[in-house]
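Observations on the model geometry
Here is how the chains run, residue by residue.
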Amino acid sequence: MKERIGVYICHCGGNISDYVDVEELGKMFHKEENVVIAKDVMFACADSNQKDMVRDIQENKLDAIVVCSCSPKLHLHTFRGVAARAGLNPSNYVQVNIREQCSWPHSDHPREATVKAAGLIRAGINRVSFSESLEDIQLTVKKSVLVLGAGVAGMKAAIDLAKSGNEVFLVEKDYFVGGRIAQKDSLFTTGQSGKQIVALLYEEIKKHSNITVFTGTTIEKVSGSLGNFGIDLKVKPRYINGKADKQAVKRAMEECPVSVSDDFNFGLTQRKAIYKNYPEALPDVPVVDAELLKDQPDFVAKFASTLNLNEQEETISLIVGSVLVTTGYDNYQPKEGEFGYKTIDNVVTLPELNRMMELNPEKLVHNGKQINSVAFIYCVGNRQKKGDNKYCSRQCCTSTIHTSLQLKERYKDIQMYHVYRDIRTYGKQEILYAKSSKQGDLYLKYEEKEMPVVEKDGKATVVKVKDYLTAKKEMEIEADLVVLVTGMVAREDSTHISELFKIPIGRDKFFNEIHPKLKPVETVIKGVYIGGTCQGPKNVSESVQSSLAGASKITALLKSGTVAVDPIIARVDREACTWCGKCADVCDYGALKVIEVDGKKVAQVNDAVCTGCGICAPICPENAIEIAQYTDNGIESMIDGFLADVQIKEKEANAGEEQEEVKVGMKEYPQIWKEILAGMTDEKNSIPQIAENSKLNREVVTYHLMTMNRYGVVVPAGMDDKEMYFYYKRK
């Protein structure tokens, strides 16, 4: 039991103290048994307060501390660091969340919020009384990394990892590297060719002997944990004789008698059964679609020295210390009939248009007809209240406008129409929007409740839209080509990857990081990181930045050869355990297995794999499993502490003006608020009336009324008959 505990209750700059009486709580817990220090502080996380806490711990010989502030997700490691600097074991620290759990959800009932906070704080004090001094678990790690996905994000990360001295295995499902970027002829805002970027990155990769590239390869099995992941790869054959002459391979490609729809070009062209995605695709070795050549024995016999159709799949096992997942995204595929897609022949998607532009450098032609006008319909498949994809893909607006600029530059006399909901060309990309407007592109704004309609009118294709920029006038656009601006969606195989590596998936089906700001590339699985568009829509620059962030995290993790992991994990009482296997059945991480000790089968915890989630503890029929720092004694004491009677001084519950002051969290209103209230009658008042009565500027009154409304000092009371002014009343 801890006997010298320090308690720190944070104002959080008003986020907590506006509704929770932190001063009174500080006085209350100063009298608590075993509490040596109880303080209310303005910002617990501030450097100055951290220094004070270190001094308090050392001078008062505290053996435990409790910080009552915001969510542990934000500052758990901050205060563990404070404890460590003061010479106190970080496990003897507990954080109590009285912001998200008290002041914010109960701002309309400050006294009850204070009572609840008191219960939570007492529960925290009781819990820390049973805390143990735990040491981090030290694991030996292998200085090698698996990078899954050889798009631009994966290739950049692989190069960065290799430069830091790591052995890197770059694994790509496709037979060629580059991912989606290879399908883009011109990138915003630099205008670089995607293929050129892929070629430059691949050349850089070839310079590093510690990078091994696997193409046409998938992950079959994942085992082990941080530092020693076991990865089984399945490598598909290319069916090309590795010793074959390049000219012979080229002749085989040219003479191949079988052609099929080319997926790389979205079915706009045909490809041979022996193919490359595009002439410069890398690695510079074509692939044979062996199934298509089964009925071509004469051709196969002619090129017997070049083709090897008997080649078999190969399984390769690797051991890596960490994994970076950069598997990318898929383009949203419109349903048949969605804005005329697949039912009207000149309706295409934006990715298809980009491929058409590269395939038609001189003159834009579709279905044998020259294109003179293009209508873009934005937000197809994204930002749908009732659809699957409620998010914004962020890069589509800029990509579309960049495409329209390229169309004008290449084909000169071509008219563009942009049928949009909102233009989101953020940052420097706003320049592209300005250029588009100056070149004569027309923009028409629609709302989701009144979607555009694409119809066939004789030989013409017409887009009908109610334009909100012209007072909802019905507009009709006759366009030679209708382009559906589709966003990014999670890859079809993301669920499979998630199951292999235990990476959580969000509602949008992209991979989830632990926290978008504090841990933006880390997952709940130790040693597994994510980067690029597999975690959500990004442009190329943002994708590379996130993958490089993951690479730097991995380098820092592996550089010393050992890594310390959190000691809060499950532990087994071997005397009580009878091994029924239920704990292993429910563990999502495979952290429990059976071993034999002195002729008795018992459960054993893999320290490196266990995350301390606690799901195994309640399922054990013998109560033989507990989680460090979450013992039965600790949990029961927390319940007792929360249920204990709390006495708040009567002043907190007084009626009248003082009760209002408590509710807004201020001992006294600002002087200007008093002047505004004095200028208000008992009836509803408009801003001009209040400004005239109080002799204050209208803008000043407007600004302060918004804040007064937030704090419940005034309330809105509708609008005047002409809908020119809002009315306000005293609360």
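Residues numbered from 1 in each chain as written. Predicted model: local features only at pLDDT ≥ 70, side-chain atom pairs only at ≥ 80, totals over all residues. Heavy atoms only, no water.

Glancing now at the overall build of the chain. Summing up its helical and strand segments, the chain has 21 helices and 37 strands in all. The buried share of the chain, taken over its 731 residues, is 50%. A separation of at least 24 residues holds for 68% of the contacts in the chain among residues at least 6 apart in sequence. Accessible surface for the chain amounts to roughly 35,800 Å². Of this, 48% is attributable to carbon and sulfur atoms. (Helix = DSSP H or I, 4+ residues; strand = E, 2+ residues; numbered from the N terminus. Buried < 20%, exposed > 50% of the residue type's maximum accessible area, 1.4 Å probe, protein only. Contact = heavy atoms within 4.5 Å. Areas by Shrake-Rupley, 256 points an atom, 1.4 Å probe, with all protein chains shown as cover.)

This part takes up a nonpolar patch on the surface. Where nonpolar side chains cluster on the molecular surface, the patch consists of Tyr 630, Ile 635, Ile 639, Phe 642 and Leu 643 and spans about 480 Å² of accessible area. If you trace the backbone, Phe 642 turns up in helix α17 (residues 632-643). The exposure class of Phe 642 is partly exposed, given its relative accessible area of 38%. (Patch = residues over 30% accessible without salt bridge, like charges linked within 9 Å, V, L, I, M, F, W, Y side chains within 5 Å. Salt bridge = Lys/Arg side-chain N within 4 Å of Asp/Glu carboxyl O.)

On to the packing of aromatic side chains. Tallying each qualifying case throughout the model produces seven aromatic pairs. Between Phe 79 and Tyr 93 the ring centres are 5.9 Å apart and the planes differ by 50°, which places this aromatic pair in the tilted class. Placement of the pair is Phe 79 in helix α3 (residues 72-85) and Tyr 93 in strand β4 (residues 93-97), with a sequence separation of 14 residues. Residue Phe 79 is classed as buried on the basis of its relative accessible area of 1%. The exposure class of Tyr 93 is buried, given its relative accessible area of 6%. (Phe/Tyr/Trp six-rings, centres within 6.5 Å; stacked < 30°, edge-to-face > 60°.)

Turning next to the packing of helix α11 (residues 396-411) against helix α12 (residues 430-438). Where α11 meets α12, the axes come as close as 9 Å, and the angle between the chain directions of the two elements is 40°. The angle between the axes of α11 and α12 places the two elements in the oblique class. As α11 runs across α12, the sense of the crossing is left-handed. For the pair α11 and α12, the contacting residues are Thr 398, Ile 401, His 402, Ser 404 and Leu 405 in the first and Leu 432, Tyr 433, Lys 435 and Ser 436 in the second. (Axes fitted to C-alpha atoms, helices over the stretch in contact; angles between N-to-C directions. Parallel < 35°, antiparallel > 145°, perpendicular 65-115°, else oblique. Left-handed = near helix turned anticlockwise from the far one by under 90°.)

Relative to the helices and strands, Cys 616 resides in helix α16 (residues 616-619). Its relative accessible area of 6% is what places Cys 616 among the buried residues. Linking Cys 616 and Lys 582, residues 34 residues apart in sequence, is a C-alpha distance of 7.9 Å. In this view, Cys 616 contacts Ala 570, Cys 583, Val 586, Leu 592, Ile 625 and Ile 627; residues no more than four positions away in its chain are not counted.

In this section: the sheet that holds strand β16 (residues 322-325). One open sheet accounts for five strands, arranged β8-β7-β6-β16-β29; its pairing is parallel. Two strands close off the open sheet at either side, each with one partner strand: β8 (211-214) and β29 (528-530). Strand-to-strand, the axes of this sheet are offset by a mean angle of 20°, without reference to chain direction. Of the strand pairs in this sheet, strand β6 (residues 144-148) and strand β7 (residues 167-171) are connected by five bridges, and their pairing is parallel. Bridge assignment links Val 147 to a residue of β7, and that residue is Leu 170. Across the sheet, helix α14 (residues 540-558) is in contact with β6, β16 and β29; its angle to β16 comes to roughly 180°. (Pairing = 2+ DSSP bridges.)

Each assigned domain of the chain is listed here: domain 1 (5-134 + 633-643), domain 2 (144-235 + 318-328 + 491-559), domain 3 (246-311), domain 4 (338-488), domain 5 (566-628) and domain 6 (669-730). Taking the mean C-alpha position of each, domain 1 and domain 3 sit 68 Å from one another. (Domains from an automatic or database assignment.)

Moving on, we come to helix α6 (residues 152-163). Compared with an ideal rise of 1.5 Å per residue, which puts twelve residues at 16 Å, α6 spans 17 Å between its outermost C-alpha atoms and is within 8% of the ideal. The set of residues buried in α6 consists of Val 152, Ala 153, Gly 154, Met 155, Ala 157, Ala 158, Ile 159, Leu 161 and Ala 162. Residues of α6 that are buried sit in contact with β6, β7, α7 (194-206), β8, β16 and α14. Backbone geometry just downstream of α6 places Gly 165 in the positive-phi region, at approximately 95°. (Expected span 1.5 Å × (residues − 1).)

Think of a sheet as strands paired side by side through backbone hydrogen bonds, with each pair either parallel or antiparallel. Taken together, three strands build an open sheet; the order of strands is β9-β10-β15 and the sheet is antiparallel. Two strands lie at the open edges of the sheet, namely β9 (217-225) and β15 (314-320), each paired on one side alone. Between one strand and the next, the sheet's axes are offset by a mean angle of 20°, whatever the strand orientation. Direction of pairing for β9 relative to strand β10 (residues 228-235): antiparallel, over a ladder of eight bridges. Residue pairing across strands places Lys 221 opposite Asp 232, the latter belonging to β10. Packed onto the sheet, helix α13 (residues 494-501) meets β9 and β10 and runs at close to 25° relative to β9.

It is worth spelling out the pairing of strand β26 (residues 473-479) at this point. Note: strand β25 (residues 460-467) against β26, seven bridges, orientation antiparallel. Residue Val 462 lies in a different strand from β26, and its bridge partner there is Glu 478. Counting the residues in the hairpin turn of β25 and β26 gives five residues, including Ala 471, whose phi is positive at 60°.

It is worth spelling out a negative patch on the surface at this point. A surface patch of like charges, here negative, comprises Asp 457, Glu 474, Glu 476 and Glu 478. The element best represented in the negative patch is β26, accounting for three residues. You can see Asp 457 is positioned in strand β24 (residues 453-457). (Lys, Arg positive; Asp, Glu negative; His and termini not counted. Charge placed at Lys NZ, Arg CZ, Asp CG, Glu CD.)

So, about the packing of helix α10 (residues 350-359) against α11. Put simply, α10 and α11 touch, their axes get as near as 11 Å, and they point 25° apart. As summarised for this structure, α10 and α11 are arranged roughly parallel, according to the angle between their axes. α10 and α11 meet at a crossing whose hand is left-handed. Residues Leu 350, Leu 353, Asn 354, Met 357 and Glu 358 of α10 touch α11, and the partners they reach there are Ser 399, Thr 400, Thr 403, Gln 406, Leu 407, Arg 410 and Tyr 411. Class assignment of the residues belonging to the contact of α10 with α11 gives a composition of five nonpolar, five polar and two charged. (Nonpolar A, V, L, I, M, F, W, Y, C, P; charged D, E, K, R; others polar.)

To continue, consider the pairing of β8. Of the strand pairs in this sheet, β7 and β8 are connected by four bridges, and their pairing is parallel. Residue pairing across strands places Leu 170 opposite Val 213, the latter belonging to β8. For the handedness criterion, the β-α-β arrangement of β7, α7 and β8 is classed as right-handed. (Right-handed = clockwise from strand over helix to strand, strands pointing away.)

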